[in-house]
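Descriptive analysis of the structure
Letter by letter, the chains look like this.
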Amino acid sequence: MTINKFDYIYRKLLLTKYFVNGWGDPEKLKSLFQFRNHIIDRDSCFKLVSSDYPVKIVKKKEDSDSITLEGVFQSPFSYYLPDIVPKESHLAHFQVLLPKKWPSKNVKPMCVHMAGTGDQYYWRRRAMLAKPLLKEAAIGSIILENPFYGKRKPNNQVRSILCNVSDIFVMGGCLILESLVLFHWCEREGFGPIGVTGLSMGGHMASLAAASWPKPIVLVPCLSGTTASGVFTEGAISCAIDWDLLEKQYKSNSVYKNEVGNIDNKVNKLKVKFNAGKQFIKDMNIDSHFNVQSNLMFEDLKNDNNSLNICQPQQLNKLKLTNAFDNLNDPSIEENNELQIQKDLKQTKHMMRFFNKHSKSEDLNLEALSFMKGIMDECTHLKNFNSPVDMDIVIAVCAKRDGYVPQHGMDKLEDIWPGAEVRYVDTGHVAAFILHRNTFKTAIIDAFQRAQKKYYDKPL
């Protein structure tokens, strides 16, 4: 299936560039990859967030047919790695859209919506899916603001464009743990079935969140893949990356360079180099003295959050979570054979030459490209995470000719997660976003109906 070239043209028209500061601080990357061991395992990840994790509702608004809440909580990731998460992103913000009356006293479906690339604030997800889901199926929604976006955007960042490659991993770690906070909150408030969805990057983040929850959960990832590696090395976004800068940093810093040794740029050795990023992370973990217990939750809370009434460590045991409506007045890619690798590389090189003026070198920065592919596969590939507990309530929607999330060469979701349903639309990424919103909505409704029938409806 040919890739939709309109996706590349659309991306080119946006002009903005990704990762303008490069890879990010190598020492911070080390800490991220070491902490990753606690994230990818569901049992250890689940223990990072307590079931009574404090969430505060700060605003309530009633309309004729709905109730809107806004809430905040401290991102758990910022407790464990406070110096790595930007201070502006420490506080998580979310909006809740509820019906004024649930159709059933025992069934109160709630769906968490993850943000796609550049999807700042609440309005887009609210208008596109949350309101239609509420109106047509009485499904409530929680819209979570991404770290690095909207109210959580670092002061030195331009719009939603991430400055460093490492920011992707910070964002992912934050969202996984923040999702657990919201799932726990939903359970305390009596909502269910609980689900999570998202488009594009939001779809992949939704998959990681669902994989980290040890109970049946509705999952509907839309226009996402099984790994982020192809997005940044082959997809349309790869044309908006300054590969010369990444290559320069990679070659000038021994933390990166020594991991691959003197490997040249010949295509027949590309297989070894694709593993460079994976080996980089694995080698870090061999003699790691990183101890998650040394930075237990709540130990080093900053006092500057007092104005928002975020709970202090000594208050946690005494905390009595009230009803949400109280106090509302407070403010692997596994390598292909050599022929397929050469074919994929040729296509990537062609697209980069055509679209990316920042990649002028004849070898097109293959070491940086390969390193990117390796670390993205190692940190984002769904094979490295647990499968969702119940595949019957997993429905994915993919675009056959997606130029942002190339499907060729990527493991299929139905192969990694047998039992998951995948629905395809025969178009590209941008066109699917514009033309197939009803397809996404229908998939979400179908998955929630399956969950309700399986876990909530009483047999006659």
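Calculation rules
Residues numbered from 1 in each chain as written. Predicted model: local features only at pLDDT ≥ 70, side-chain atom pairs only at ≥ 80, totals over all residues. Heavy atoms only, no water. Helix = DSSP H or I, 4+ residues; strand = E, 2+ residues; numbered from the N terminus. Buried < 20%, exposed > 50% of the residue type's maximum accessible area, 1.4 Å probe, protein only. Areas by Shrake-Rupley, 256 points an atom, 1.4 Å probe, with all protein chains shown as cover. Phe/Tyr/Trp six-rings, centres within 6.5 Å; stacked < 30°, edge-to-face > 60°. Pairing = 2+ DSSP bridges. Axes fitted to C-alpha atoms, helices over the stretch in contact; angles between N-to-C directions. Parallel < 35°, antiparallel > 145°, perpendicular 65-115°, else oblique. Left-handed = near helix turned anticlockwise from the far one by under 90°. Contact = heavy atoms within 4.5 Å. Nonpolar A, V, L, I, M, F, W, Y, C, P; charged D, E, K, R; others polar. Salt bridge = Lys/Arg side-chain N within 4 Å of Asp/Glu carboxyl O. Arc of directions from axis to C-beta. Expected span 1.5 Å × (residues − 1). Polar contact = N/O pair within 3.5 Å; in protein donor to acceptor, adjacent residues only side chain to side chain. Core = buried A, V, L, I, M, F, W, Y, C linked by side-chain atoms within 4.5 Å. Right-handed = clockwise from strand over helix to strand, strands pointing away.

You'll find the protein chain entered in an unreviewed UniProt entry as Protein ABHD18, with Aphis glycines given as the organism.

1. Notes on the overall build of the protein chain
What the protein chain contains, in helices and strands, is 18 helices and nine strands. For the protein chain, buried positions account for 59% of its 460 residues. On the protein chain, roughly 19,900 Å² of surface is accessible, and the fraction owed to carbon and sulfur atoms is 50%.

2. Some thoughts on the packing of aromatic side chains
Applying the stated rule across the entire model yields 15 aromatic pairs. A centroid spacing of 5.3 Å and a plane angle of 80° characterise the contact between Phe35 and Phe77, whose relative ring orientation is edge-to-face. A residue pair is termed long-range when its members are at least 10 positions apart, and Phe35 in helix H2 (residues 26-40) and Phe77 in helix H4 (residues 76-80) qualify at 42 residues. Ring geometry for Phe35 against Tyr80: centres 5.6 Å apart, planes inclined by 35°, an arrangement best described as tilted. Here Phe35 is found in helix H2, whereas its partner Tyr80 is found in helix H4, with 45 residues between them in sequence.

3. Considerations on the environment of Asp244
Here Asp244 lies in helix H9 (residues 243-252). Given a relative accessible area of 27%, Asp244 falls into the partly exposed group. Placed 222 residues apart in sequence, Asp244 and Gly22 show a C-alpha to C-alpha distance of 9.7 Å.

4. With respect to the pairing of strand S3 (residues 91-99)
Of all nine residues making up S3, nine are buried, and the element is well covered by its neighbours. Burial along S3 is two-sided: the residues Leu91, His93, Gln95, Leu97 and Pro99 and Ala92, Phe94, Val96 and Leu98 are all buried. For S3 and strand S5 (residues 140-144), the ladder comprises four bridges, and the chain directions are antiparallel. Across the sheet, the residue bridging to Leu97 is Ser141, located in S5.

5. Thoughts on the packing of helix H6 (residues 166-188) against helix H7 (residues 201-211)
For any two helices packed against each other, the geometry is given by the interaxial angle and the distance between the axes. Interaxial distance between H6 and H7 falls to 9 Å at its minimum, and their mutual angle equals 55°. The pairing of H6 with H7 is recorded here as oblique in orientation. Here H6 and H7 pass one another in a crossing that is right-handed. Contacts between H6 and H7 involve Ile168, Met171, Gly172, Leu175, Ile176, Ser179 and Phe183 from the former and Met201, Met205, Leu208 and Ala209 from the latter. Residue composition of the contact of H6 with H7, grouped by class: nine nonpolar, two polar and no charged.

6. Considering the environment of Met372
Note that Met372 resides in helix H15 (residues 366-380). Take Met372: its relative accessible area is 0%, and that puts it in the buried class. When near neighbours in sequence (up to four residues on either side) are disregarded, Met372 contacts Phe19, Trp23, Val165, Phe232, Thr233, Trp243 and Leu246.

7. Here's the deal with the pattern of salt bridges
Evaluation of the coordinates by the stated rule reveals 21 salt bridges. For Lys100, the salt bridge is made with Glu62, and the minimal N-O distance between the two is 3.4 Å. One end of the pair, Lys100, is in the loop between S3 and strand S4 (110-114); the other, Glu62, is in strand S1 (residues 56-62), and 38 residues separate them in sequence. For the salt bridge of Lys215 with Glu187, the shortest nitrogen-to-oxygen distance reads 2.9 Å. Residue Lys215 is found in the loop between H7 and strand S7 (218-222), and its partner Glu187 is found in helix H6; the two are separated by 28 residues along the sequence. Judged by relative accessible area, which is 31%, Lys215 ranks as partly exposed.

8. Some points on H9
When H9 is considered as a whole, its buried residues turn out to be Trp243, Leu246, Glu247 and Tyr250. All buried residues of H9 fall inside an arc of 100° around its axis, so they share one side. More than 90 degrees from the buried face of H9, the exposed residues found are Lys248 and Ser252.

9. Some points on H2
An ideal rise of 1.5 Å per residue puts 21 Å on 15 residues; H2 measures up with 21 Å between its terminal C-alpha atoms. When H2 is considered as a whole, its buried residues turn out to be Pro26, Leu29, Leu32, Phe33, Gln34, Phe35, Arg36, Ile39 and Ile40. Its side-chain oxygen at 2.9 Å from the backbone nitrogen of Glu27, Asp25 defines the N-terminal cap of H2.

10. Observations concerning the nonpolar core
Judged by nonpolar contacts, the single largest core of 99 residues is most densely connected at Trp23, Phe169, Leu177 and Phe232. At 14 residues, H6 tops the list of elements feeding residues into this core. Core analysis: the second largest hydrophobic core is formed by 23 residues, Leu133, Ile139, Val218 and Ile395 among them.

11. Points about the packing of H2 against H6
In the contact formed by H2 and H6, the axes pass within 11 Å of each other and the chain directions differ by 30°. Classified by the angle between their axes, H2 and H6 sit roughly parallel to one another. Where H2 crosses over H6, the handedness of that crossing is left-handed. Within the contact between the two elements, H2 uses Leu29, Leu32, Phe33 and Ile39 and H6 uses Ser166, Phe169, Val170, Ile176 and Leu177.

12. Re the pairing of S7
Of all the five residues making up S7, five are buried; the element is thus mostly covered by neighbouring parts of the structure. Here S7 shows a buried face lined by Val218, Val220 and Cys222 and a second buried face lined by Leu219 and Pro221. Judged from the five bridges that link them, strand S6 (residues 194-199) and S7 form a sheet pairing that is parallel. Looking at the pairing, Gly198 lines up with Pro221 of S7. In this fold, S6 hands off to H7, which returns the chain to S7; that crossover is right-handed.

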